[in-house]
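# Fold and geometry: a report
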Amino acid sequence: MSAAPLDLAELEPTELTAAVVARGGQPFNARQMARWIYRRGVTDFERMTDLPAALRATLAGDCACSTPTVLRADRSADGTAKLLLRLADGLRVEAVFIPDTPRMTFCVSTQVGCAMQCGFCLTGRMGLARHLSAGEIAAQVRVLSRRFELAGAAFNVVLMGMGEPLHNYDATMKALRILTDPHGLAMRPQRITLSTVGVLPALERLAGESLMPNLAVSLHAATDELRNELVPINRKHGLDALLAACRRFPVARRRRITFEYVLLAGVNDAPADARRLARLLAGLRSKVNVIPLNEAPGVPYRRPSDAQIDRFARTLAAHGATVTVRKSRGRDIRAACGQLIVDGPQRSTAQQLATALGGS
Ligand code: SAH
């Protein structure tokens, strides 16, 4: 029996070069391949016409370049598009294309499901089926950029799809090395935002990386009491420790840490909450992204009124915070924040969920 093919989609630039050289190619052949795979979306080695024929044949013999298949594409009235992707083992994840915000943005997943169990997030209801590999994370960008014909264009990537990127640290960082390969998609790290609930040891590790994405921290509450309830990992890593780590985090010049704050009617949207939040963030180079809750069946919270959202944002600003209110995109196709979920028989957790949601 022959060994399983080597999956080139899982390789970062140095590894791809080593694999090509081991098959008799030259390092520059690896750079040519990165262009084919990431800029032109070609994964069939025979079609990589500038490679030597012998190398193409060798690659075809013992390598593959796996790419998730698009099972479904939904387009929202506002232009947002959600892709349901099938991975090699049959599990599925979602990835979202958000046009002009002001730049094109791809929102990608880092796990199938999520273990964090935040009280208002549908993805958490699935539980964690498994981590995504680096190749699977990067391939979502490859698929999206091909489908929306943006391979040569400047776009942003936000790791805000399904999953907690810092719970899947090594694969996430490797995916960033793939996405920033100058011969592939050549993304600038400043165009990538990693969003986390604040898995502390991993956040400290990220602080020491040379490849540094923008950081967004899902805060959602300004007291431990409330955050323990909304974001269960807070029971392990509380607000003091999280904010201390953020204060130590090396934020590049002219950059800030974004704090995401899902606004829940009657729970965390009072002026006193805004004042407390502003106080917590005082002196931190930060901005607050207020995200009015996207309601969903089975989520036991309500979205505040527009007036309440406005009052909260104004109170924050009046107390010195920089504030933006996130416009919800793609709600009609359930592509908005916290609405990514793959239903149907994926794992037993997903089936339980379907029951819990009354089959919606
Ligand atoms: N696990 C990471 C990455 C997911 S990002 C994190 O939590 O940061 C998704 C963002 O959408 C997070 O800020 C999350 O808290 C927010 N979100 C989750 N459910 C939501 C909902 N129902 N409405 C609005 N935002 C939600």
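Only a predicted model underlies this, so the values are computations on that prediction, with no experimental measurement involved.

### Topic: the packing of aromatic side chains
Within the structure shown, the criterion is met by four aromatic pairs. Ring centres of Phe97 and Phe148 lie 4.1 Å apart, and the angle between their planes is 20°; this geometry places the pair in the stacked category. Of the two residues, Phe97 is situated in strand β5 (residues 92-98) and Phe148 in the loop between α5 (134-147) and β9 (156-159); the sequence distance between them amounts to 51 residues. Judged by its relative accessible area of 4%, Phe97 falls in the buried class. Between Tyr261 and Phe312, the aromatic rings sit 5.0 Å apart at their centres with planes inclined by 20°, giving stacked as the arrangement.

### Description of the sheet that holds strand β13 (residues 286-292)
Ordered in space as β3-β4-β5-β6-β9-β10-β11-β12-β13-β14, the ten strands form an open sheet in which the pairing is mixed. For this open sheet the edge positions go to β3 (69-75) and β14 (323-325), each flanked by a neighbour on one side alone. Recorded for the sheet is a direction-independent mean angle of 20° between the axes of neighbouring strands. Pairing of strand β4 (residues 81-86) with β5, which is carried by six bridges, proceeds in the antiparallel orientation.

### A word on the site of the ligand
Taken together, the neighbourhood of the ligand is formed by 19 residues, with Ser195, Ser218, His220, Asn294 and Gly338 sitting nearest. A distance of 3.0 Å separates a nitrogen atom of the ligand from a polar atom in the backbone of Phe120. Among the secondary structure elements, those contributing two or more residues to the shell around the ligand are β10 (192-196) and β12 (257-263). For the shell around the ligand, the per-class residue count stands at nine nonpolar, eight polar and two charged.

### Thoughts on the packing of helix α7 (residues 200-207) against helix α9 (residues 239-248)
Packed helices, taken two at a time, are described by their axes: the angle between them and the distance between them. Where α7 contacts α9, the axes come no closer than 10 Å and their chain directions differ by 5°. The orientation of α7 relative to α9 falls into the category roughly parallel. Every residue of α9 that contacts α7 at Leu200, Leu203 and Glu204 is listed here: Ala241, Leu242, Ala245 and Arg248.

### Overview of the environment of Gln308
Checked against the element boundaries, Gln308 lands in helix α11 (residues 306-318). Considering only alpha carbons, one finds Gln308 and Thr123, 185 residues apart in sequence, at a separation of 26 Å. Aside from chain neighbours lying at most four places away, what touches Gln308 is Asp269 and Ala270. A distance of 3.0 Å separates a polar atom in the side chain of Gln308 from a polar atom in the side chain of Arg311.

### Re helix α10 (residues 271-281)
For α10, the complete set of buried residues consists of Asp273, Ala274, Leu277, Ala278 and Leu281. An end-on view of α10 places all buried positions within 135° of arc, on one side of the element. Its buried side turned inward, α10 meets α9, β12, β13 and α11. Once α10 finishes, Gly283 follows within two positions and takes phi at roughly 85°, a positive value.

### Digging into the pattern of salt bridges
Following the criterion strictly, the structure yields 13 salt bridges and no others. Arg314 serves as the salt-bridge partner of Asp310, at 2.8 Å between the closest nitrogen and oxygen. Taken together, the residues span about one helical turn, with Asp310 and Arg314 both in helix α11 at a distance of four residues. By relative accessible area, which is 37% here, Asp310 ends up partly exposed. Judged by its relative accessible area of 57%, Arg314 is exposed. Here the residues in one salt-bridge network are Asp89, Arg130 and Glu136, joined through shared partners.

### Describing the packing of helix α6 (residues 169-179) against α7
At a minimum axis separation of 11 Å, α6 and α7 run at an interaxial angle of 30°. Judged by the inter-axis angle, α6 sits roughly parallel to α7. Considering only the axes of α6 and α7, their crossing is right-handed. Across from Tyr169, Asp170 and Met173 in α6, the residues of α7 making contact are Ala202, Arg205 and Leu206.

### With respect to the state of the cysteines
Scanning the entire structure with this criterion turns up zero disulfides. Cys63 forms no disulfide, and the closest cysteine sulfur to it belongs to Cys65, at a distance of 9.7 Å.

Conventions adopted
Residues numbered from 1 in each chain as written. Predicted model: local features only at pLDDT ≥ 70, side-chain atom pairs only at ≥ 80, totals over all residues. Heavy atoms only, no water. Phe/Tyr/Trp six-rings, centres within 6.5 Å; stacked < 30°, edge-to-face > 60°. Helix = DSSP H or I, 4+ residues; strand = E, 2+ residues; numbered from the N terminus. Buried < 20%, exposed > 50% of the residue type's maximum accessible area, 1.4 Å probe, protein only. Pairing = 2+ DSSP bridges. Axes fitted to C-alpha atoms, helices over the stretch in contact; angles between N-to-C directions. Near = heavy atom within 4 Å. Polar contact = N/O pair within 3.5 Å; in protein donor to acceptor, adjacent residues only side chain to side chain. Nonpolar A, V, L, I, M, F, W, Y, C, P; charged D, E, K, R; others polar. Parallel < 35°, antiparallel > 145°, perpendicular 65-115°, else oblique. Contact = heavy atoms within 4.5 Å. Arc of directions from axis to C-beta. Salt bridge = Lys/Arg side-chain N within 4 Å of Asp/Glu carboxyl O. Left-handed = near helix turned anticlockwise from the far one by under 90°. Disulfide = S-S within 2.5 Å.

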